[in-house]
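# Tertiary structure, described
Now for the letters of each chain:
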Amino acid sequence: AGMVAVPKSSYESGIPWAIGYYIWNYILCVYSIHLYLRSAELSGHYSVPKLGYECFGHCSLYFVNILQFIGFGILPIAYYIIFAGLLSSLLKLLPFVEDTNAWSFLGTQWFSVLVLAVLIFPLIIKKKIQELKIAGMLLFSGVILFIILLFVLRIASGNALPYNHEEDKEFYKLKFDQAFLSSLSTALVAYGFQSAFFPIYNSLKHKSYYNGMKFTFLGISFCFVIYMCVMFVSIYSFGIHVKGDVLQNVEEVKEWESFVLRVIFLLVMSTHTPFIFFIGKESLLAIVALLYRRHVKRQKRKRR
């Protein structure tokens, strides 16, 4: 879902820089998974908190799980904001939704947030991540359709889009400013999946270093291609006017592709978010379990 922020961040740093640090992050991600798997083979623990326990002791169980809960359980609330803004903008287009009638609540952000919460709750409470297989297939299909329609929008709208050939030099100008630094954070977040690696790895039928690295290469390569496609198509569609959320640019285009693109991205958001919150849920339950065991041990000591 972070792909909608890639065009703006790439423009702010300059396309050459963007390609460079996305390739660099690709390499770092592959190497980090190599370290994960080798560490797991040595310790016998295929879990980030347990690897932390082997390296730094019992306190790291709390530290790692708290970090994962913050990163995957609280910060992704930003996804709700994106989803709510997108869904409410579509619902406001309905003829019976007006600010003054009884259906006006359909165009509010709180209603859109409630819709997403209801959609993803049954998926978040699943016991194993492989139970999200259907959501994963829908997510993959949604991303592919999003890219295809983005190309179609570029070709079909053509001269109606704000891109100007004279702006090409601006795209490739290397920049070193605050915007450049913020663009780096977007790139880091775009590849920040390592904490979700072991839950996926543990769902494999045949667990091995080769299989782990294989699906890592395939997954990261797919992400890299998607990011590059979104970056180039969006920049060469909206030019210097590309926004932090490229869907805001898409919303301004009054063509059927624009409406379908937003609907597809709603599908992408609603199927991507459960995977993020699933890790946050697991970390929260681990913290509760640790605190409960600590409480039980204290009670046993008092009884003695």
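Structural notes, computed from the coordinates. (Residues numbered from 1 in each chain as written. Predicted model: local features only at pLDDT ≥ 70, side-chain atom pairs only at ≥ 80, totals over all residues. Heavy atoms only, no water.)

Right, let's talk about the overall build of the protein chain for a bit. Secondary structure assignment for the protein chain yields 13 helices and zero strands. Secondary structure elements of the protein chain occur, N-terminal to C-terminal, as α-α-α-α-α-α-α-α-α-α-α-α-α. Principal-axis analysis of the C-alpha atoms gives the protein chain an extent of 80 × 50 × 40 Å. Within the protein chain, the proportion of its 304 residues that are buried is 41%. Across the protein chain, the mean location of the 28 positive side-chain charges is 22 Å away from that of the 17 negative side-chain charges. (Helix = DSSP H or I, 4+ residues; strand = E, 2+ residues; numbered from the N terminus. Buried < 20%, exposed > 50% of the residue type's maximum accessible area, 1.4 Å probe, protein only. Lys, Arg positive; Asp, Glu negative; His and termini not counted. Charge placed at Lys NZ, Arg CZ, Asp CG, Glu CD.)

Further remarks concern the side chain of Asn 25. Mapped onto the elements of the fold, Asn 25 is located in helix α2 (residues 15-43). Those residues in contact with Asn 25, other than ones at most four positions away along the chain, are Ala 187, Leu 188 and Tyr 191. (Contact = heavy atoms within 4.5 Å.)

With that settled, consider the packing of helix α6 (residues 109-124) against helix α13 (residues 256-303). In the contact formed by α6 and α13, the axes pass within 9 Å of each other and the chain directions differ by 55°. Here α6 lies oblique to α13, going by the angle between them. The way α6 lies across α13 gives a crossing that is right-handed. Residue-level inspection shows Leu 116, Leu 119, Ile 120, Leu 123 and Ile 124 of α6 in contact with α13, the latter providing Ser 270, Thr 273, Pro 274, Phe 277, Phe 278 and Lys 281. Residue composition of the contact of α6 with α13, by class: eight nonpolar, two polar and one charged. (Axes fitted to C-alpha atoms, helices over the stretch in contact; angles between N-to-C directions. Parallel < 35°, antiparallel > 145°, perpendicular 65-115°, else oblique. Left-handed = near helix turned anticlockwise from the far one by under 90°. Nonpolar A, V, L, I, M, F, W, Y, C, P; charged D, E, K, R; others polar.)

Residues Ile 23, Trp 24, Ile 27 and Leu 28 make up a contiguous nonpolar surface patch of roughly 390 Å² in combined accessible area. Secondary-structure assignment places Ile 27 in helix α2. (Patch = residues over 30% accessible without salt bridge, like charges linked within 9 Å, V, L, I, M, F, W, Y side chains within 5 Å. Areas by Shrake-Rupley, 256 points an atom, 1.4 Å probe, with all protein chains shown as cover. Salt bridge = Lys/Arg side-chain N within 4 Å of Asp/Glu carboxyl O.)

Take the layout of surface pockets next. Roughly 700 Å³ of volume is contained in the second largest pocket. What lines the second largest pocket is a set of 26 residues, and nearest its centre among them are Ser 47, Pro 49, Lys 50, Glu 282 and Ala 286. Those elements that place two or more of their residues in the lining of the second largest pocket are α3 (48-56), α4 (59-74), α10 (197-201) and α13. Counting residues per element, the lining of the second largest pocket draws most heavily on α13, at eight residues. Tallied by class, residues from the lining of the second largest pocket come to 13 nonpolar, eight polar and five charged. (1 Å grid on protein atoms, 1.4 Å probe; cavity = no way out; pocket = protein on both sides within 12 Å on 5 of 7 lines; lining within 4 Å. Points joined across faces, edges and corners; volume = space filled by probe spheres on them.)

With that settled, the discussion passes to the nonpolar core. Within the largest apolar cluster, 74 residues are counted, with the highest numbers of intra-cluster contacts made by Met 3, Tyr 22, Phe 146, Phe 198, Tyr 227 and Phe 265. No other element matches the 11 residues that α2 contributes to this core. Residues in contact with Tyr 22, not counting those within four places in the same chain, are Val 6, Ser 9, Ser 10, Thr 186, Ala 187, Ala 190, Tyr 191, Phe 224, Tyr 227 and Met 228. (Core = buried A, V, L, I, M, F, W, Y, C linked by side-chain atoms within 4.5 Å.)

What follows concerns the packing of helix α1 (residues 6-13) against helix α11 (residues 209-238). Across the interface, α1 lies against α11 with an axial gap of 8 Å and an inter-helix angle of 70°. With respect to each other, α1 and α11 are oriented roughly perpendicular. Counting all contacts with α1, which are made through Val 6, Pro 7, Ser 10 and Tyr 11, the residues of α11 involved are Tyr 227, Val 230, Met 231, Ser 234 and Ile 235. Residue composition of the contact of α1 with α11, by class: seven nonpolar, two polar and no charged.

Under the defined criterion, the tally for this structure stands at 13 aromatic pairs. For the ring pair Tyr 46 and Phe 198, a centre distance of 6.1 Å and an interplane angle of 85° mean the geometry is edge-to-face. Of this pair, Tyr 46 sits in the loop between α2 and α3 while Phe 198 sits in helix α10, and the two are 152 residues apart along the sequence. A relative accessible area of 1% places Phe 198 in the buried class. Taken together, the ring pairs in this structure connect Tyr 36, Tyr 46, Phe 197, Phe 198, Tyr 201 and Phe 215 into an aromatic cluster. (Phe/Tyr/Trp six-rings, centres within 6.5 Å; stacked < 30°, edge-to-face > 60°.)

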